[in-house]
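Listed below, chain by chain, are the residues.
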Amino acid sequence: QVQLVESGGGLVQAGGSLRLSCIASGIIFGVDAMGWYRQAPGKRRELVATRTSYGTTNYADSVKGRFTISGDNTKYTVYLQMNSLKPEDTAVYYCNAVRRGSGMDYWGKGTLVTVSS
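This text gives an overview of the structure that appears in the document. In this text, all values refer to a predicted model and were calculated from it rather than measured experimentally.

About the thresholds
Residues numbered from 1 in each chain as written. Predicted model: local features only at pLDDT ≥ 70, side-chain atom pairs only at ≥ 80, totals over all residues. Heavy atoms only, no water. Pairing = 2+ DSSP bridges. Helix = DSSP H or I, 4+ residues; strand = E, 2+ residues; numbered from the N terminus. Axes fitted to C-alpha atoms, helices over the stretch in contact; angles between N-to-C directions. Buried < 20%, exposed > 50% of the residue type's maximum accessible area, 1.4 Å probe, protein only. Contact = heavy atoms within 4.5 Å. Disulfide = S-S within 2.5 Å.

What about the sheet that holds strand β3 (residues 18-25)?
At step 1: In space, the four strands of this open sheet follow the order β1-β3-β8-β7, with antiparallel pairing throughout. Each edge of the open sheet is held by one strand with a lone partner, namely β1 (3-7) and β7 (67-72). Each neighbouring strand pair of the sheet contributes to a mean axis angle of 15°, computed without reference to strand direction.
At step 2: Bridge analysis of β3 against strand β8 (residues 77-82) gives six bridges, and the strand direction is antiparallel. Bridge pairing links R19 to Q81 in β8.

Pasting the structure below:
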């Protein structure tokens, strides 16, 4: 059973920082990518940042220059350093992993990030 467990969410004031962590277990076929998505109340799930097995990264325009994704896809770990947080960053953040070669997605249960004005 594949499990992705996130941690690090919480309440922070605008301008503050948080670091999210995700550790996956039970992945036996490898991954093509791991990353983070978020979903605010009443909004669609959106990509925040991803990191491929080759180490290439992609970021949503809204977080470029503020967030940094890092980790090790071999160890199935991924982190998201979030700086200069804004109220519009408030959302549940979900860890994601893409099964190698198949495109199948694995998801964590999410961790809530709340940024106050």
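Here the narrative resumes.
Comments concerning the pairing of strand β4 (residues 31-39)
At step 1: Burial analysis of β4 places seven of its nine residues in the buried class, the great majority of the element.
At step 2: With eight bridges connecting them, β4 and strand β9 (residues 91-99) associate as antiparallel partners. Its bridge partner lying in β9, Y37 is registered against Y94.
At step 3: As judged from the six bridges shared by β4 and strand β5 (residues 46-52), these two strands associate in the antiparallel manner. Pairing of W36 across the sheet is with A49, part of β5.
At step 4: Where β4 hands over to β5, the hairpin turn is made up of six residues, of which G42 adopts a positive phi near 75°.

Let's talk about the side chain of T77
At step 1: Positionally, T77 belongs in strand β8.
At step 2: Among the residues examined, T77 registers a relative accessible area of 13% and is labelled buried.
At step 3: Residues in contact with T77, not counting those within four places in the same chain, are C22, I23, M34, S70, G71 and D72.

Regarding the state of the cysteines
At step 1: A full pass over the atoms with the stated rule returns one disulfide.
At step 2: Paired by a disulfide, C22 and C95 hold their sulfur atoms 2.1 Å apart. Because the sign of the S-S torsion sets the handedness, a value of about -85° for the bond joining C22 and C95 places this disulfide among the left-handed ones. Of this pair, C22 sits in strand β3 while C95 is found in strand β9, placing the two residues 73 residues apart along the sequence. Here C22 matches C95 in class, with each residue buried.

By themselves, these figures tell us nothing about what the structure is for.
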